[in-house]
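Chain and residue survey
Below, each chain spelled out in residue letters.
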Amino acid sequence: MDFNESQQKIITKFKENLNQKNCKYCSKIIDGHIIIDVPEIENHFWSPQLNIEVVEADENKAIVKGLFGPKPQVWTLFMFIHFVMAFVFMVFAIMAYVQWNLKSEYSFALTMLFVVPVLWFVMYFLGRLGKKKGHSQMNELYQFMMKTLEKK
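Scoring rules and cut-offs
Residues numbered from 1 in each chain as written. Predicted model: local features only at pLDDT ≥ 70, side-chain atom pairs only at ≥ 80, totals over all residues. Heavy atoms only, no water. Pairing = 2+ DSSP bridges. Helix = DSSP H or I, 4+ residues; strand = E, 2+ residues; numbered from the N terminus. 1 Å grid on protein atoms, 1.4 Å probe; cavity = no way out; pocket = protein on both sides within 12 Å on 5 of 7 lines; lining within 4 Å. Points joined across faces, edges and corners; volume = space filled by probe spheres on them. Nonpolar A, V, L, I, M, F, W, Y, C, P; charged D, E, K, R; others polar. pLDDT = per-residue confidence, 0-100. Phe/Tyr/Trp six-rings, centres within 6.5 Å; stacked < 30°, edge-to-face > 60°. Buried < 20%, exposed > 50% of the residue type's maximum accessible area, 1.4 Å probe, protein only. Salt bridge = Lys/Arg side-chain N within 4 Å of Asp/Glu carboxyl O. Contact = heavy atoms within 4.5 Å. Axes fitted to C-alpha atoms, helices over the stretch in contact; angles between N-to-C directions. Core = buried A, V, L, I, M, F, W, Y, C linked by side-chain atoms within 4.5 Å.

Okay, the pairing of strand S2 (residues 26-30) next. Note that S2 and strand S3 (residues 33-37) share 5 bridges and pair antiparallel. Residue pairing for S3: cysteine 26 is matched across the bridge by aspartate 37.

Structure below.
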């Protein structure tokens with residue numbers, strides 16, 4: 001979003017709003033980056049985080065960029081699990097091929113080649129369910145951001 005205000009003025013708006021006594025959001029402000037989290041009591045594994053970057057375009061113009069996403073530790077955990085699943089799938093594929101080539105029993109490795117993708121899809125759908133669970137909190141963060149940016 002483009003604004004006819006300086007970068008510092010927009011960041012000051014966020015600082016003022018986040019430091020009010022009735023503000024329930026947790027935040028970090030570092031230079032032109034603002035990270036807003038849901039309150040600790042409402043926080044759960046799937047709670048989203050709003051990352052805002054305020055970029056100065058001209059002297060009195062700024063661009064505000066926002067990104068909703070999972071917390072870094074949730075994202076890292078899911079990526080780790082996906083990489084492990086890919087690695088396990090490749091191990092069982094190689095194991096099945098080698099055992100087949102050696103004319104030995106390869107049914108376990110072949111079974112795992114079907115089980116691992118099923119587990120992978122389960123992980124995908126768990127992520128989708130988590131995304132839905134955090135949707136209302138994402139809307140709250142969005143409303144807070146818009147309320148702050150509309151302040152004059």
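For the largest pocket, the calculated volume is near 520 Å³. Lining of the largest pocket is provided by 22 residues; of these, Trp46, Pro70, Gly127, Gly130 and Lys131 occupy positions nearest its centre. Of all elements in the fold, only strand S5 (61-70), helix H2 (72-101), helix H3 (107-133) and helix H4 (135-150) reach the threshold of two or more residues within the lining of the largest pocket. Looking at the lining of the largest pocket element by element, the count peaks at 6 residues for H3. Of the residues that constitute the lining of the largest pocket, the class distribution is 12 nonpolar, 7 polar and 3 charged.

Counting all residues, the mean pLDDT for the chain is 88, and 99% of those residues have values of 70 or more. Mean pLDDT values over the elements of the chain span from 83, in S2, up to 93, in H2.

Applying the stated criterion across every chain, the model contains 6 aromatic pairs. Considering the side-chain rings of phenylalanine 45 and tryptophan 46, the 4.9 Å spacing of their centres and the 85° angle between planes classify their relative orientation as edge-to-face. Relative to phenylalanine 108, the ring of phenylalanine 92 has its centre 5.7 Å away and its plane inclined at 75°; by these criteria the two rings are edge-to-face. Of this pair, phenylalanine 92 sits in helix H2 while phenylalanine 108 sits in helix H3, and the two are 16 residues apart along the sequence. For phenylalanine 108, a relative accessible area of 53% gives the class exposed. Members of the aromatic cluster, connected to one another through ring pairs, are Phe45, Trp46 and Phe78.

Let's shift gears to the pattern of salt bridges. Overall, the coordinates contain 4 salt bridges when judged by the stated rule. The partner of lysine 9 in a salt bridge is glutamate 5, with the nearest N and O atoms 4.0 Å apart. Judged by its relative accessible area of 10%, glutamate 5 falls in the buried class. For glutamate 42, the salt bridge is made with lysine 24, and the minimal N-O distance between the two is 3.5 Å. Highlighted residues: glutamate 42 in the loop between S3 and strand S4 (48-58) and lysine 24 in the loop between helix H1 (7-18) and S2, separated in sequence by 18 residues. Taking relative accessible area as the criterion, lysine 24 reaches 39% and is therefore assigned partly exposed.

The strand order across the open sheet built from 5 strands is S1-S5-S4-S3-S2, with neighbouring strands paired in antiparallel fashion. Of all the strands in the sheet, the pair left with one neighbour each is strand S1 (2-3) and S2. Bridging between S4 and S5 involves 10 bridges; their strand directions are antiparallel. Within S5, the residue paired with isoleucine 52 across the bridge is glycine 66. Along the sheet, H1 contacts S1, S2, S3, S4 and S5; its crossing angle with S4, the most-contacted strand, is approximately 150°. Sitting on the sheet, H4 touches S1, S3, S4 and S5, and the angle it makes with S4 is about 30°.

Let us now look at the nonpolar core. Counting 20 residues, the largest nonpolar core has Ile10, Phe14, Ile34, Ile36, Ile52 and Val54 as its most contacted members. Of all the elements in the fold, those that place two or more residues in this core are H1, S3, S4, S5 and H4. Among the elements that line this core, the one with the most residues is H4, at 5 residues. Excluding its chain neighbours within four sequence positions, the residues that come into contact with phenylalanine 14 are Ile29, Ile34, Ile36, Ile52, Met145, Thr148 and Leu149. Formed by 6 residues, the second largest nonpolar core is a distinct cluster that contains Phe92, Ala96, Ala109 and Val116.

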